[in-house]
Amino acid sequence: MASFVVVGAGLSGLVCAARLIRAGHEALVLEAQPAVGGRLRPIVTEHGPLEPAVGEIGEGDVNLRALVAALGLEPKESPLVERSHALVLGGKLHRPPPLRPWEVLVPRLSPRIDRPIDAVFWRRPRWRLRRGVVRGLWDASRKRGVEVPDSVRALDDQTWSRASIRAFGTRWCATRLAPALLARTGLDLSAESAAIVVMMLVRLWSGGGRTLPLAGGLASLVERLAAALPVRLGARVEALESTAEGVRVRYRTGGREESVFADAAVVALPPSEILRVCPKLTPAERGHLESFQPRRAIVVHRFVSDPAWLLRGLAGVTFVPGEIPDMRDLRILGRPSPSSSSSPSSSLSPDPFWIRISFERESVDEHWGLSDQVLIAKVDAAFRGSPIGDLPAGPSRVERIPELMSVQGRGALERRALFECRSERSPRLAFATEAFTTPDLEGRVTAGMRGAAAAIDSLGDVPVRAEGGGANADPPGERP
Ligand SMILES: Cc1cc2nc3c(=O)[nH]c(=O)nc-3n(C[C@H](O)[C@H](O)[C@H](O)COP(=O)(O)OP(=O)(O)OC[C@H]3O[C@@H](n4cnc5c(N)ncnc54)[C@H](O)[C@@H]3O)c2cc1C
């Protein structure tokens, strides 16, 4: 039995620690905040908890589904949900049907959302270039295991927006593909490597685009996971020193400096934070982590209790660029009851819920320093007179997120492969970060699982301390 320290109690860190313990090892999780969950942690408001991401899992998310089932959170009676995502284009609200796999093969037969799209978008598809993307999707859906097919690798040198627009044309990408992906991931994937997005699309389709509502939402997932783990809250890690004998982790807790020594450590933090707490990474490790671009975001949440609101029952709405100034999309968080028109009984006692309005990537920097009141007023003004109508009145909450996601960008798979076979590695150190997988919830779970496997591998054949010699907190004053 070996001892491990896992730094960070976000979804990736918790999954990683659970895997290590299941493999018969000892694991201690150190978390800077007073609660687990990381960026999935619910925001406490006077109107109840606000979950920042959508508590639904894709039917094709194999690792996430296995985890949810193991924790007993898979809803028994609740059917798979197929909520649609609407689109604002040409001053109108469109409700296109969900994207189907055959549309990629024959996009010309897909439901059209016309006028005045040609005035906005002009780039026509190039059928020759479409073959590469279709081939990648086909190969990825047939290939089992961790090996990435060559046809997917071939897409790695382009961004997703370039590859998809050249292959399918701007019209179809803007009206069918981009909204479907945004509805599923909640993230802007345009600058991501096309190879990475193709793998996400395959998962989306392998589950028929349907999602499963998570009993108790994402909060239950992280809390249930953490309940069986030794987690030290309020412990902010300052530095990790890894040697051939083990890893010393220095952290601050309650104003004191502490340290813990373990056979190996897993760092489950965003790439920028890994660079901060691991000052002695090898050049290959540092270079790889520096290649990620942190993407910050501003989101405005609004509490909706109006039972007759137009968008009840939808997953959200995407705004084609320029349709609603500075805004990118609106997502409905939690599980809204069906629209009042389709279900008279639910209209009697519809549940209130939160919506999230995200600022357009290009306008985030310009708005970053504005006060909450100004941002809320801007959002209300942007929707006034829009096809959605005024936003329903209600309490608002503004969040500025310094690193919503880390964009891996063009060449991500190639850089990752070089990283994985690097000859110079920090001894006994592994990483469980979003930067090594796809940028969705399934990717976070996979990152945790891979981090655990890499940490066990990092021990090699070298002897580890005997059973019972787990991660040791040094008594204060005895640190070297
Ligand atoms: C508003 C919002 C919306 C989102 N929407 C989506 C979505 O729709 N789909 C999606 O896939 N993702 C979404 N995300 C992103 C998603 O939540 C994160 O990518 C995911 O939670 C990352 O998990 P993680 O475990 O890798 O990292 P994190 O959740 O960031 O966990 C890292 C943990 O480490 C802790 N920590 C940091 N520094 C230290 C330190 N020095 N010492 C000890 N502990 C430390 C942090 O407190 C945190 O608990 C959203 C995030 C936000 C905020």
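Note that this is a predicted model, so its numbers are computed, not measured.

Parameters at a glance
The residue count restarts for each chain, going from 1 along the sequence in the order it is written. pLDDT decides what is reported in this predicted model: residues at 70 or higher carry local features, side-chain atom pairs at 80 or more are listed and counted, and totals for whole chains, interfaces and linings draw on all residues regardless. Note that the side-chain values use all heavy atoms of the structure and ignore hydrogens as well as water. Residues enter patches when they are more than 30% accessible in relative terms and free of salt bridges; like-charged ones are connected within 9 Å and nonpolar ones (Val, Leu, Ile, Met, Phe, Trp, Tyr) within 5 Å. Values of accessible area rely on a 1.4 Å probe in the Shrake-Rupley scheme; residue burial ignores everything except the protein chains shown. Counted as salt bridges are all cases of a side-chain nitrogen of Lys or Arg within 4 Å of a carboxyl oxygen of Asp or Glu. In this count, Lys and Arg are taken as positive residues and Asp and Glu as negative ones, while His and the chain termini are left out. To locate a charge, take NZ of a lysine, CZ of an arginine, CG of an aspartate or CD of a glutamate. For helices the rule is a DSSP run of H or I covering at least 4 residues; for strands it is a run of E covering at least 2, with both sets numbered from the N terminus onward. Burial status follows relative accessibility: with a 1.4 Å probe on protein chains alone, a residue under 20% of its type maximum counts as buried, one over 50% as exposed, and anything between as partly exposed. To obtain each axis, a line is fitted to C-alpha atoms, and for helices this fit is confined to the stretch in contact; angles are then taken between N-to-C directions over 0 to 180 degrees. In these notes the angle categories are as follows: under 35 degrees is roughly parallel, over 145 is roughly antiparallel, 65 to 115 is roughly perpendicular, and the rest is oblique. Residues are treated as being in contact if the distance between any of their heavy atoms lies within 4.5 Å. Asp, Glu, Lys and Arg are counted as charged, while Ala, Val, Leu, Ile, Met, Phe, Trp, Tyr, Cys and Pro are counted as nonpolar; the rest, among them Gly, fall into the polar class. Scored between 0 and 100, pLDDT is the confidence that the predictor attaches to each residue. Each nonpolar core is a collection of buried residues, namely Ala, Val, Leu, Ile, Met, Phe, Trp, Tyr and Cys, held together in the definition by side-chain atoms within 4.5 Å. Proximity is defined per residue: if any heavy atom of the residue lies within 4 Å of a molecule or strand, that residue is considered near it. Counted as a polar contact is a pair of N or O atoms within 3.5 Å, where, for protein atoms, one must be capable of donating a hydrogen and the other of accepting one, and residues adjacent in sequence contribute only when both atoms are in side chains.

Considering a positive patch on the surface
On the surface, R123, R126, R128, R131, R162 and R410 cluster together into a positively charged patch. Tracing the backbone shows R131 in helix α5 (residues 127-142). When its relative accessible area of 59% is taken as the criterion, R131 is described as exposed.

As for unusual backbone geometry
Trans peptide bonds make up most of the peptide bonds, and negative phi angles are found at most residues other than glycine. Even without glycine at this site, D326 takes up a positive phi of about 70°. Among the structural elements, D326 can be located in the loop between β15 (316-319) and β16 (327-332). Positive phi is not limited to glycine here, since R428 has a value of about 55°. When you line up the elements, R428 lands in the loop between α16 (412-420) and β19 (429-431). Of the residues examined, R428 reaches a relative accessible area of 5% and is grouped as buried.

What to know about the packing of helix α2 (residues 62-70) against helix α17 (residues 441-458)
For the pair α2 and α17, interaxial distance at closest approach is 8 Å and the crossing angle is 75°. Taken as axis vectors, α2 and α17 run roughly perpendicular relative to one another. Contact with α2, carried on its side by V62, N63, L64 and L67, involves L441, E442, V445, T446 and M449 of α17 and no other residues of that element. Class assignment of the residues belonging to the contact of α2 with α17 gives a composition of 6 nonpolar, 2 polar and 1 charged.

Thoughts on the environment of P283
On the secondary structure map, P283 appears in helix α12 (residues 283-290). Sequence separation of P283 and R422 is 139 residues, and the distance between their C-alpha atoms is 10.0 Å.

Considerations on the pattern of salt bridges
Taken as a whole and judged by the stated rule, the model has 19 salt bridges. Among the salt bridges present, the one from E103 reaches R176, with a minimum N-O distance of 2.7 Å. Here E103, found in helix α3 (residues 102-105), pairs with R176, found in helix α8 (residues 170-185); they are 73 residues apart in sequence, far enough to count as distant. Exposure class is identical for E103 and R176. Each is buried. Between R236 and E273 there is a salt bridge, and its shortest N-O distance comes to 3.9 Å. In this pair, R236 is assigned in strand β10 (residues 236-243) and E273 in helix α11 (residues 271-277), connecting sequence segments 37 residues apart. Given a relative accessible area of 35%, R236 falls into the partly exposed group.

Remarks on the confidence of the model for the protein chain
As a general rule, the predicted coordinates of low-pLDDT regions are not to be interpreted in detail. Confidence in the prediction of the protein chain, expressed as mean pLDDT, is 85, and 87% of residues score 70 or more. Within the protein chain, no element has a lower average pLDDT than helix α13 (residues 344-348), which sits at 43, and none a higher one than strand β13 (residues 264-267), at 98. Contacts of residues 338-348 to residues separated by more than four positions or lying in other chains number 10 contacts, the stretch itself having pLDDT below 50. Scored below 50 in pLDDT, residues 473-480 makes 14 contacts in the model with residues more than four places away or belonging to other chains.

Quick notes on the nonpolar core
For soluble globular proteins, nonpolar side chains are generally found buried alongside one another. With 39 residues, the main nonpolar core has F4, V6, L11, L14, L20, L221 and V266 as its most contacted residues. Secondary-structure elements contributing two or more residues to this core are β1 (3-7), α1 (11-22), β2 (26-30), α2, α10 (217-227), β13 and α17. With 6 residues, α1 is the largest single contributor of residues to this core. With 35 residues, the next largest nonpolar core counts V152, L181, L204 and V407 among its residues.

Considerations on the site of the ligand
The environment of the ligand is formed by 34 residues, the closest being E31, R39, T185, V237 and R444. Separating an oxygen atom of the ligand from a side-chain N or O atom of E31 is a distance of 2.6 Å. Within the contact set of the ligand, a nitrogen atom lies 3.1 Å away from a backbone nitrogen or oxygen of A32. Burial of the ligand by the surrounding chains reaches 94%, relative to a free accessible area of 1000 Å². Contributions of two or more residues to the shell around the ligand are made by α1, β10, α11, β18 (396-407) and α17. The element contributing the most residues to the shell around the ligand is α11, with 3 residues.

Section: the side chain of H367
You can see H367 is positioned in helix α14 (residues 361-367). Taking relative accessible area as the criterion, H367 reaches 1% and is therefore assigned buried. Separated by 2.6 Å, the side chain of H367 and the backbone oxygen of S363 make a polar contact. Setting aside residues no more than four positions away along its own chain, H367 makes contact with I298, D326, F359, L375 and K378.

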